Amino acid sequence: MAAGEASCKLKAKFNLSGYKNVEKKKVVIGGMFSVHNRLASSESNTTSIPVSLGCEWFNFRTFRWTQTMLYAINEINSRNDLLPNTDLGYVIYDSCFTISKAVEGTLTFLTGQDEAVPNYRCGNGAPLAAMVGAGGCDLSIATARILGLYYFPQVSYSSSCSVLESRFQYPTFLRTIPSDEHQSVGMAELVLRFGWTWVGTIASDDDYGKYGIKRFKEVVEEAGVCISFSETLPKYSSPESIQRIVRTISESTAKIVVVFSSDVDLSSLVTELVQNNVTNRTWIASESWVTSALIARQPNVLSILSGTLGFAIQRAEIPGLQKHLLNIDPYQDPLTEEFWETAFNCTLSYSRALRNTRLCTGKENLEKLNSTYSDVSQLRLTYNVYKAVYAVAYALHNLEGCNPGQGPFLNGTCADINMFEPWQLMYYLKNLRFNVPHTGEEIFFNDGEVGGYYEILNWQRRLDGSVSYIPIGHYNGSAPMGERLTLDNSSIIWYNDALQVPRSVCSERCQPGTRMGIRQGEPVCCFDCIPCADGEISNTTDARGCMQCEEDYWSNANRDACVPKTIEFLDFGEPLGITLIAIAVFGALLTVAVIIIFVMHLNTPLVQVNDPLLSFTLLLGLVVTFLCSIAFLGEPRLWSCMTSQVALAVGFALCLSSLMGKSTLLMLRARTIKAAKSVAKAAKAAAAASEQSPDTIAIAPSAPPKNDIDPIKPVQQRVMMVVCTLIQAVACAVWMILLPPHPIKNTAAQNIKIILECDPGNIVFICSVFGYDVLLALLTFVFAFVARKLEDHFSEGKCVTFGMLVFFIVWISFVPAYLSTRGKFMVAVQIFAILASSFGLLMCIFLPKCYVLLVKPERNKEEMMIPRAKLRDSKLTGTSASFSINANSSGTTVSTVTVDG
């Protein structure tokens, strides 16, 4: 036996504090509360026997929960309608907010002795019913794994993390607090309700914080909310980590901070925030700290946390609880003594009082203390403890009241209240349904879970500067989507007593007309609002991209709507069109006036010289070019496109071919003059020789034949004109038949306009047609340039040369001007070129003739029309020779040479 005892002995003893009352009790209920906030620090010494550490930092709030369990058990034992034949005992341990202590308490509770022996329960005491606890999520997870091995029921009052929903891992875990799945989704809906897209998150370094904030992030990020920062609160004191978190909060532009943490873990951060005066933030609180006096009673806390919104579990009034809290006996047990000494900052021990510590009387008034312990205004988790104890009691009541033969177990058997197994009680807990005393709330477990109902509170400032928790709505996680969150926005007072909802966005919303341009390396909520390009619009806020307008539409100035493009063409009625029509008509009338003048003087030498018919065809061509410019005006039609191009090409061909016929004759005359000059030089040489030798007889050279002097006749000039014009007319006819010009909508030249213009049909045809006109103009210019020195009183060669120079200057200037303009101004430039070149030809060629006909009629004589050659000597001696070329009415000339003897 001794050997056996030695083999089972553990190497360390547990150091547990709490309450225990099992003597003469029929059933024992276990409890686990974090009466202290942490383990007492000690040196790591491996040279001595390990000792279980003690606890420090007494927590008045959880001590109230402990007393609530004692009160509930006493209330149940005093009732006649609930467990009338059974007295409940209890074993309550302090978990010190630490997993190791929670495990120690669980093993001790199961084995019934301080030196726990797994798988054994030593002693023959009352059966163990269930464990109420064990506080935080980490602690409940640890205890639930152990208790689940034995299928031992556990009813938690504050472990809300969603991971505990797994019945595969935690088969005997139940709770009277809603799962954080509801709270996390509710917080996300709250953030989305107010349009916050840029939030920071803080979570405690445990399963409660990690799982809660993880689920919150999943929901909001799926809805497009971005996380500015995500920090984890250290589980143990770490000033460096706390200061780093404070800096992160201060530097972030997020005005909303969501905190999933216990009040114990958050307390040090709040203290640091107050010291650093980190203001202008709205905090979203989880149920674990939203009504915690540990947070709310810190000095100047409202300078940081005023306007806080938080989720709180259901609140209730528990009659008689405050009286119980205020009437506890300080000498009852060590844990109560520690509470008393901590609350009143004194000691109940004479030995410690001798060391300069004030001695407690044991009669101090708890009611005047105004501490968290005696504050029953926000009984929320306290109410959960009350419900958990009653849940176990009602399950035991149902177990005790089972009728033999009608039981739920094999063959209709019932469990014995004096000797039941944990799994039997678990059956009754799973199928439990009861109404909580005093509140009437119906409690039942849906696979170990209760409904997700929360009250939403707003931290507001009382007149005395303390925190007032004002209900502003509620959240029911069991309701249909869209009906879960109910808020009274008018009741909310935000930070610094503001009534307007704060904004928390990384970037301001992009208005219609812009699109969101995501910044490289930053969250999607951080973007630049980029204006839509020309021709694109966005008609919604925060548009991801811009839409292209249809072909005949363009974006308006705000880029938020597509509007029809402006239709543009050079209209007859606009000032520019009227001006061009007036100039064209004036040019045509002026040309007709010249025709009339020429008809009136048709038989005069000036009109008859160089074929008058060519002059009339030239004038007719000018009338056509003047008037064809009008066809370029107005909305392009098929007929106007064809008429304007053909009339322009044929009109200039008629003008230029007439001029070419005239220039050809002038060129031949110039060559004749040049030949005559050669004859004059020979005669002069002969006269000089006869002076020196009297016997020498000067012989005049013979005059050349008439056909050599004027080789072409007017009929030949006219044939040349007709053939050249017909070539152009045939080319235009082919152009009109195969690929004629046609009206088009030009949407490419100007984005905001639709330019109605004529498409030439085929670039080869239009280049060929107008290239032919250019060829005629070049030939005319060359012929006229050769004849420019032809000497007569009219100087027609010079006039044609100048006219062609004006023609070329106009059209050479037209090309760059035409290419640099768009729309109706392109048409205007083309019309100006047509009119300018036509006026140039009219003025240069016919103005001198009209001047002679109307102003100097005395010069309109046949001898004035005769070309003459200039001789170098102004006087002729007896040896000089003189000559003249006489023009007859038929257009032929005769040269005579005389010698002065």
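Criteria and thresholds
- Residues numbered from 1 in each chain as written.
- Predicted model: local features only at pLDDT ≥ 70, side-chain atom pairs only at ≥ 80, totals over all residues.
- Heavy atoms only, no water.
- Helix = DSSP H or I, 4+ residues; strand = E, 2+ residues; numbered from the N terminus.
- Buried < 20%, exposed > 50% of the residue type's maximum accessible area, 1.4 Å probe, protein only.
- Areas by Shrake-Rupley, 256 points an atom, 1.4 Å probe, with all protein chains shown as cover.
- Pairing = 2+ DSSP bridges.
- Axes fitted to C-alpha atoms, helices over the stretch in contact; angles between N-to-C directions.
- Contact = heavy atoms within 4.5 Å.
- Salt bridge = Lys/Arg side-chain N within 4 Å of Asp/Glu carboxyl O.
- 1 Å grid on protein atoms, 1.4 Å probe; cavity = no way out; pocket = protein on both sides within 12 Å on 5 of 7 lines; lining within 4 Å.
- Points joined across faces, edges and corners; volume = space filled by probe spheres on them.
- Nonpolar A, V, L, I, M, F, W, Y, C, P; charged D, E, K, R; others polar.
- Lys, Arg positive; Asp, Glu negative; His and termini not counted.
- Polar contact = N/O pair within 3.5 Å; in protein donor to acceptor, adjacent residues only side chain to side chain.
- Expected span 1.5 Å × (residues − 1).

Engineer: Looking at this structure, I do not really get the overall build of the chain. What am I missing?
Structural biologist: A count of helices and strands for the chain gives 24 helices and 29 strands. Relative to its 901 residues, the chain shows a buried fraction of 51%. Accessible surface, the chain: about 42200 Å² in total, of which carbon and sulfur atoms supply 56%.

Engineer: Would you take a moment to explain the sheet that holds strand E16 (residues 453-461) for this structure?
Structural biologist: To summarise the sheet geometry, strands pair through backbone hydrogen bonds and adopt either a parallel or an antiparallel arrangement. Strand order in the open sheet formed by 8 strands is E10-E9-E11-E12-E13-E16-E17-E18, with mixed pairing between adjacent strands. At either end of the open sheet lies a strand with only one pairing partner, and these are strand E10 (226-233) and strand E18 (485-487). The sheet shows a mean angle of 25 degrees between the axes of neighbouring strands, taken without regard to direction. For strand E12 (residues 282-285) and strand E13 (residues 309-312), the ladder comprises 2 bridges, and the chain directions are parallel. Bridged to Ala285 within E13 is Gly310. Against the sheet, helix H6 (residues 207-222) makes contact with strand E9 (198-204), E10 and strand E11 (256-260), and its axis sits at roughly 160 degrees relative to E9, the strand it touches most. Across the sheet, helix H7 (residues 239-251) lies against E9, E10 and E12, angled at about 165 degrees from E10, the strand it touches most.

Engineer: Teacher, can you tell me more about the pattern of salt bridges here?
Structural biologist: A side chain with one charge can pair with a side chain of the opposite charge if their charged atoms come near. All told, the structure shown has 27 salt bridges when counted by the stated rule. Arg509 is the partner of Asp542 in a salt bridge, and the nearest nitrogen-oxygen pair spans 3.1 Å. Of this pair, Asp542 sits in the loop between strand E21 (536-537) and strand E22 (547-548) while Arg509 is found in the loop between E18 and strand E19 (514-518), placing the two residues 33 residues apart along the sequence. Judged by relative accessible area, which is 24%, Asp542 ranks as partly exposed. Look at Arg509 and you get partly exposed, because its relative accessible area is 47%. Where salt bridges share partners, they join Arg167, Arg175, Asp447 and Glu449 into one cluster.

Engineer: Just checking my understanding: could you explain empty space enclosed by the protein for this structure?
Structural biologist: A probe as big as a water molecule, rolled over the atoms, marks out the empty space that is left. Throughout the structure, instances matching the rule amount to 4 cavities of 30 Å³ or more. Roughly 270 Å³ of internal volume is contained in the largest cavity. Around the largest cavity sit 22 residues that line it, and Phe97, Gly135, Gly136, Ser262 and Ser288 are the ones nearest its centre. Elements that contribute at least two residues to the lining of the largest cavity include exactly helix H2 (60-77), helix H4 (137-149) and helix H8 (263-275). Split by residue class, the lining of the largest cavity holds 7 nonpolar, 9 polar and 6 charged.

Engineer: What is the right way to read the side chain of Asp94 from this model?
Structural biologist: Inspection of the secondary structure puts Asp94 in strand E5 (residues 88-94). Put simply, Asp94 is tucked away with no salt bridge, and the nearest opposite charge, on Lys101, sits 7.9 Å away. A distance of 2.8 Å separates a polar side-chain atom of Asp94 from the backbone nitrogen of Val35. A polar atom in the side chain of Asp94 sits 2.9 Å from the backbone nitrogen of Cys96. Sequence-distant contacts of Asp94, defined by excluding residues within four places in its chain, comprise Ser17, Phe33, Ser34, Val35, His36, Cys55 and Lys101.

Engineer: Any chance you could explain H8 here in plain terms?
Structural biologist: An α-helical turn contains 3.6 residues, so any two residues separated by three or four positions project in the same direction. Its 13 residues give H8 an end-to-end C-alpha distance of 18 Å, which sits within 8% of 18 Å, the value for a rise of 1.5 Å per residue. Across the 13 residues that make up H8, a large majority, 10, are buried.

Engineer: Is there a simple way to explain unusual backbone geometry in this structure?
Structural biologist: For the bond from Gly133 to Ala134, the omega torsion is 10 degrees, close enough to zero to count as cis. Along the chain, Ala134 falls in the loop between strand E6 (128-132) and H4. Phi angles above zero are rare outside glycine, and Asp447 is one such case at about 55 degrees. Note on placement: Asp447 falls in the loop between strand E15 (442-444) and E16.

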